[in-house]
Amino acid sequence: MKFMLMMHAPRGTGDYQINNWTPDDFKAHIAFMQGLNRDLKSSGEFVGAEGLAPPGQARVVRAGKDGTPVTDGPFPETKEFLVGYWIVDVDRAERAYEIAARASTAPGPGGKPLNLAIEVRQVMSAPLPDA
Amino acid sequence: MTSVGTGERDDAVEQLLRELAPRVLGAVARRNHDFGAAEDAVQEALIAAVAQWPAAGIPDNPRGWLYQVAMRRLADHARSESARRRREEAVAAERAADWDTASPGVDEAEGGEDDTLVLLFMCAHPALTPPSAIALTLRAVGGLTTAEIASAFLVPEATMAQRISRAKQTIKASGIPFRMPDDTERAGWLRAVLHVLYLIFNEGYASSAGDTVHRSDLSNEAIRLTRVMRGLLPDDGEVAGLLALMLLTDARRAARTGADGELVPLDEQDRSLWDQQLISEGVALVSRALSNGSIGLYQLQAAIAAIHDEAPRAEDTDWPQILAFYGLLLRMTDNPMVALSHAVATAMVNGPEAGLALIDELARDDRVAGHYRLDAVRGHLYAMAGDARKAIEHFHAAAERTASIPERDYLITKAARLSPSRDA
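Fair warning: this is a prediction, and the values are worked out from it, not measured in the lab.

Definitions and cut-offs
- Residues numbered from 1 in each chain as written.
- Chains lettered and ligands numbered in written order.
- Predicted model: local features only at pLDDT ≥ 70, side-chain atom pairs only at ≥ 80, totals over all residues.
- Heavy atoms only, no water.
- Helix = DSSP H or I, 4+ residues; strand = E, 2+ residues; numbered from the N terminus.
- Buried < 20%, exposed > 50% of the residue type's maximum accessible area, 1.4 Å probe, protein only.
- Contact = heavy atoms within 4.5 Å.
- Areas by Shrake-Rupley, 256 points an atom, 1.4 Å probe, with all protein chains shown as cover.
- Expected span 1.5 Å × (residues − 1).
- Core = buried A, V, L, I, M, F, W, Y, C linked by side-chain atoms within 4.5 Å.
- Pairing = 2+ DSSP bridges.
- Axes fitted to C-alpha atoms, helices over the stretch in contact; angles between N-to-C directions.
- Patch = residues over 30% accessible without salt bridge, like charges linked within 9 Å, V, L, I, M, F, W, Y side chains within 5 Å.
- Salt bridge = Lys/Arg side-chain N within 4 Å of Asp/Glu carboxyl O.
- Parallel < 35°, antiparallel > 145°, perpendicular 65-115°, else oblique.
- Left-handed = near helix turned anticlockwise from the far one by under 90°.
- Nonpolar A, V, L, I, M, F, W, Y, C, P; charged D, E, K, R; others polar.
- Lys, Arg positive; Asp, Glu negative; His and termini not counted.
- Polar contact = N/O pair within 3.5 Å; in protein donor to acceptor, adjacent residues only side chain to side chain.
- pLDDT = per-residue confidence, 0-100.

**Observations concerning the overall build of chain B**
Part 1 of the argument: From N to C terminus, chain B includes 21 helices and 0 strands.
Part 2 of the argument: Per-residue burial over chain B gives 48% buried out of 424 residues.
Part 3 of the argument: Within chain B, contacts between residues at least 6 apart in sequence are counted, and of these 63% link residues at least 24 apart.
Part 4 of the argument: Surface exposure of chain B reaches about 20,100 Å², of which carbon and sulfur atoms provide 51%.

The following block contains the structure:
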């Protein structure tokens with residue numbers, strides 16, 4: 001069963017909290033994420049993962065008259081935003097929660113776990129029961 | 001066979017290799033014990049065969065040919081490794097030498113088709129998670145490429161390659177010998193293999209995910225492998241039962257989805273689209289198994305599928321007989337999904353209230369409490385009872401929790417049809 005793990009982060013000064021981090025803290029954070037992805041690949045559970053560009057560039061789009069795009073944003077007042085996601089293929093939901101919990105411990109300043117909120121949602125790809 | 005075209009000859013070679021590959025792999029792994037190395041060696045032997053046989057002709061003993069080439073490759077690899085492995089090399093080389101001089105009667109000497117069976121048992125090893133067992137079975141026994149398996153399950157090829165390689169390591173680390181199960185193990189091993197084949201079939205038959213062509217290939221592959229099993233264990237009622245269940249289910253494939261891929265439930269299917277040939281084969285298989293006095297979960301499920309398939313119209317379905325079979329099934333398993341189907345059959349025979357009462361009871365079972373299928377069935381039974389409001393409520397509750405898009409769409413459509421009609 002596939003799950004999408006969506007990592008949300010609070011906004012800091014400008015877009016990122018990480019703008020205030022020391023280079024070593026930032027490096028440790030990146031290394032943690034790379035290690036997580038490496039482990040998911042070697043366990044055969046990795047389907048995909050992407051980080052998203054900062055919300056300062058985000059636009060909300062709706063179709064206007066004639067279907068032409070009408071854009072809105074960016075929204076500097078947004079407190080929390082989606083930083084990135086993983087899609088994993090695991091044999092039970094609890095395993096997806098474990099992976100999310102590990103991602104949530106990604107280190108921040110001083111190596112302290114950030115405890116970021118990870119929303120876990122099942123991907124609609126389950127087999128149907130026989131009708 | 002003098003004037004066979006190149007294309008046909010290639011097809012014949014390919015088909016023969018598909019059939020022989022698991023047997024050769026079983027034989028090599030049985031001697032070498034390193035599943036990964038054995039598989040690599042067999043792959044190389046298969047490649048050599050593809051390169052040579054179409055032009056040079058198929059050897060008299062194709063299986064012995066593949067076996068010997070694979071064993072030689074194993075010896076070559078062992079030889080090229082470090083001194084630490086010299087001992088293994090000697091053993092492997094010696095074994096390869098044995099086979100170089102062996103008589104053509106390799107089949108008899110090595111136990112022949114049993115090797116496929118041992119391989120199936122290994123791939124369904126209890127230490128493996130179902131996704132790993134499925135992947136390994138498709139790779140090692142089915143001969144699908146890693147890319148094909150990855151594409152069927154919509155994961156990157158590298159991920160699938162890792163899953164397969166970890167599965168092999170798990171088997172190796174478990175230290176269980178590569179051999180036929182003894183009498184005490186046999187039933188459990190067999191059950192595990194049949195379960196893996198059943199899961200492969202379901203992935204192909206029932207899934208909404210992925211490329212339809214690849215998905216249905218999985219069902220065909222499951223059927224092919226179950227046929228191989230049946231060839232190996234012709235007297236096993238459950239093997240026959242599983243094959244019958246697959247055939248009787250697959251027979252409805254064309255009727256199961258509408259023009260836009262939407263789900264068509266059994267009672268609304270165009271039965272003229274059902275494959276009568278598969279139905280008669282499945283019915284014959286399950287009838288023979290049951291008349292031999294054997295009984296098992298797959299045989300009973302196949303018997304129920306046969307009753308559905310033999311009804312010319314939905315309203316002709318012999319529900320009392322289906323109910324009786326579900327009663328037998330319930331005595332053999334405490335699977336709550338069987339209990340749910342039993343509740344449906346009860347409703348069809350004794351009315352929706354009787355079915356709903358059983359579901360209320362079932363809802364106290366922690367394993368299924370809150371499962372969307374309980375709500376889906378309740379929706380149907382309330383609709384049957386004429387209570388549209390409650391039916392809509394349960395269809396919506398089910399639609400919110402299913403993880404399948406076609407099923408969600410189906411449930412929402414069901415609810416919408418029951419809604420008070422808007423102005424025409």
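**Observations concerning helix α9 (residues 157-174) of chain B**
Part 1 of the argument: With 18 residues, α9(B) should reach 26 Å at 1.5 Å per residue; the first-to-last C-alpha distance of 26 Å fits that figure.
Part 2 of the argument: Looking only at α9(B), the buried set comprises T159(B), M160(B), R163(B), I164(B), A167(B), K168(B) and I171(B).
Part 3 of the argument: Close packing links the buried residues of α9(B) with β2 (46-51) and β5 (80-89) of chain A together with α2 (35-56), α6 (114-123), α7 (130-141) and α8 (146-152) of chain B.
Part 4 of the argument: Backbone geometry just downstream of α9(B) places G175(B) in the positive-phi region, at approximately 70 degrees.

**Structural notes on the nonpolar core**
Residue and element names in this part refer to chain B.
Part 1 of the argument: Residues V28, L66 and M229 are the most contacted members of the largest nonpolar core, which totals 103 residues.
Part 2 of the argument: When residues of this core are assigned to their parent elements, the largest contribution, 10 residues, is made by helix α1 (residues 6-32).
Part 3 of the argument: With near-sequence residues (within four places) excluded, L66 lies in contact with L17, L20, V24, A45, L46, A49 and W53.

**A word on the sheet that holds β5(A)**
All names here are of chain A.
Part 1 of the argument: As summarised here, the arrangement of the 4 strands in space is β2-β5-β1-β6, forming an open sheet in which the pairing is antiparallel. In the strand order of this sheet, the two ends are held by β2 and β6 (117-122), each with one partner. Across this sheet, the average inter-strand angle for adjacent strands is 20 degrees, counted without regard to direction.
Part 2 of the argument: When β2 meets β5, the two strands line up antiparallel, connected through 5 bridges. Bridge pairing links G51 to G84 in β5.

**A word on a nonpolar patch on the surface**
Residues and elements named next belong to chain B.
Part 1 of the argument: Residues I295, L297 and M332 make up a contiguous nonpolar surface patch of about 240 Å² in total accessible area.
Part 2 of the argument: Within the secondary structure, I295 sits in the loop between α14 (276-291) and α15 (297-310).
Part 3 of the argument: Judged by its relative accessible area of 47%, I295 is partly exposed.

**Overview of the packing of α14(B) against α15(B)**
All names here are of chain B.
Part 1 of the argument: Viewed as axis vectors pointing N to C, α14 and α15 meet at an angle of 135 degrees, and their least axial separation amounts to 9 Å. It follows that α14 is oblique to α15 by the angle criterion. Between α14 and α15 lies a crossing of left-handed hand. Each of I279, V283, V286, A289 and L290 in α14 lies in contact with α15, whose residues at this interface are Q299, A302, A303, A306, D309 and E310.
Part 2 of the argument: The residue inventory of the contact of α14 with α15, partitioned by class, reads 8 nonpolar, 1 polar and 2 charged.

**Quick notes on the pattern of salt bridges**
Part 1 of the argument: This structure, assessed with the given rule, holds 25 salt bridges over all chains.
Part 2 of the argument: The salt bridge involving R102(A) is made with D39(A); its shortest N-O contact spans 3.0 Å. On the criterion of sequence distance, the pair formed by R102(A) in helix α2 (residues 93-104) and D39(A) in helix α1 (residues 23-42) is long-range, its members being 63 residues apart.
Part 3 of the argument: With a closest N to O distance of 2.9 Å, D316(B) and R313(B) form a salt bridge.
Part 4 of the argument: Overall, D316(B) belongs to the partly exposed group, its relative accessible area being 33%.
Part 5 of the argument: What makes R313(B) partly exposed here is its relative accessible area of 47%.
Part 6 of the argument: Salt bridges linked by common partners bring D360(B), D375(B), R378(B) and R401(B) together as one network.

**Let's talk about the pairing of strand β4 (residues 69-72) of chain A**
Part 1 of the argument: Sheet topology places strand β3 (residues 60-63) of chain A next to β4(A); 4 bridges connect them, and they run antiparallel. Looking across to β4(A), one finds that R62(A) is bridged to V70(A).

**Points about the side chain of E238(B)**
Residue and element names in this part refer to chain B.
Part 1 of the argument: In this fold, E238 is placed in helix α12 (residues 237-250).
Part 2 of the argument: One buried charged residue, E238, remains without a salt bridge, the closest side chain of opposite sign being R191 at 8.4 Å.
Part 3 of the argument: At 3.1 Å, the side chain of E238 forms a polar contact with the backbone nitrogen of L297.
Part 4 of the argument: If sequence neighbours within four positions are ignored, E238 has contacts with L194, G296, L297, Y298 and Q299.

**Regarding the confidence of the model for chain B**
Residues and elements named next belong to chain B.
Part 1 of the argument: Here chain B averages 84 in pLDDT, while 86% of its residues score no lower than 70.
Part 2 of the argument: Overall, residues 88-110 carries pLDDT values under 50, and its contacts beyond four positions in sequence, including any with other chains, amount to 32 contacts.
Part 3 of the argument: Quick note on the complex model: pTM equals 0.79, ipTM equals 0.79.

**Thoughts on the environment of L362(B)**
Part 1 of the argument: By the secondary structure assignment, L362(B) is in helix α18 (residues 352-362).
Part 2 of the argument: Setting aside anything within four residues of it in sequence, one finds L362(B) in contact with P336(B), A339(B), L340(B), V368(B) and L374(B).

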